[in-house]
Amino acid sequence: MPRQELGVATIAYAVTPSDSSNLSSPTRAIYVGSGGDINVTPLDSSAVILYNVPAGSTLFLSASKVSSTDTSASNIVAFV
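### With respect to unusual backbone geometry
- Backbone geometry at Asp-70 places phi at a positive 70°, although glycine is not the residue there.
- By the element assignment, Asp-70 lies in the loop between β6 (63–67) and β7 (74–79).
- Phi angles above zero are rare outside glycine, and Asn-75 is one such case at about 55°.
- Along the polypeptide, Asn-75 turns up in strand β7.
- By relative accessible area, which is 52% here, Asn-75 ends up exposed.

Printed below as a string of structure tokens:
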């Protein structure tokens, strides 16, 4: 069975938060390497700030954007 059918990520890339650019493709999950706040835009929703996300957290959400405004978390990785 192909991995995509299982719902697992097949691509990972570092995220540079940006107020003007969307991610290259919607995520399956986002890993937060260094904790803090993260301003994300879920795929079918408006932006939301997730406060105090601990370092090493994986956020299982389909996001189209990680904004730099109000994002203090770093070492962010997108899984597609």
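Following the structure, the description resumes.
### Here we look at the nonpolar core
- Within the largest apolar cluster, 13 residues are counted, with the highest numbers of intra-cluster contacts made by Val-15, Ile-30, Val-32, Ile-38, Leu-59, Val-66 and Ile-76.
- Residue assignment for this core shows that the elements contributing at least two residues are β2 (29–34), β3 (36–42), β6 and β7.
- What Val-32 contacts, discounting residues up to four positions off in sequence, is Ile-38, Val-53, Pro-54, Ala-55, Gly-56, Ser-57, Leu-59, Ala-73, Ser-74 and Asn-75.

### A look at the sheet that holds strand β5 (residues 57–59)
- Sheet architecture is open: 4 strands sit in the order β1-β7-β2-β5, paired in antiparallel fashion. Two strands in the sheet have a free side with no partner beyond their single neighbour: β1 (12–14) and β5. In this sheet, neighbouring strand axes are inclined to one another by 25° on average, regardless of whether the strands run parallel or antiparallel.
- When β2 meets β5, the two strands line up antiparallel, connected through 3 bridges. The partner of Tyr-31 across the bridge, within β5, is Thr-58.

### Side note on the pairing of β3
- Among the 7 residues in β3, 6 count as buried, and that is most of the element.
- In terms of strand pairing, β3 meets strand β4 (residues 48–53) through 4 bridges, oriented antiparallel. In the sheet register, Ile-38 faces β4, and the bridge partner there is Leu-50.
- A loop of 5 residues connects β3 with β4, the two strands running antiparallel in sequence.

### Here's the deal with the environment of Thr-16
- Along the chain, Thr-16 falls in the loop between β1 and β2.
- The exposed category is assigned to Thr-16, whose relative accessible area is 69%.
- For the pair formed by Thr-16 and Ala-78, sequence separation is 62 residues and the distance between their alpha carbons is 10.0 Å.

About the criteria used
- Think of each chain on its own: its residues are numbered from 1, step by step along the sequence as written.
- For this predicted model, a pLDDT threshold of at least 70 governs which residues receive local features, and a threshold of 80 or more governs which side-chain atom pairs are given and counted, while totals over whole chains, interfaces and linings are taken from all residues.
- Neither water nor hydrogens contribute to the side-chain values; these are computed over all heavy atoms in the structure.
- Only runs of H or I of at least four residues qualify as helices and only runs of E of at least two qualify as strands under DSSP, and these elements are numbered from the N terminus.
- Relative accessible area decides the class of each residue, using a 1.4 Å probe on protein chains only: under 20% of the type maximum gives buried, over 50% gives exposed, and in between gives partly exposed.
- Among buried residues, the Ala, Val, Leu, Ile, Met, Phe, Trp, Tyr and Cys ones that are joined through side-chain atoms within 4.5 Å form a nonpolar core.
- Contact definition: two residues touch when any of their heavy atoms are within 4.5 Å.
- Think of it this way: DSSP has to see at least two bridges between two strands before they count as a pair.
- Only the contacting stretch of a helix is used when fitting its axis, a line to C-alpha atoms as for every element, and angles between N-to-C directions run 0 to 180 degrees.

Shape is all these values report; function is a separate question.
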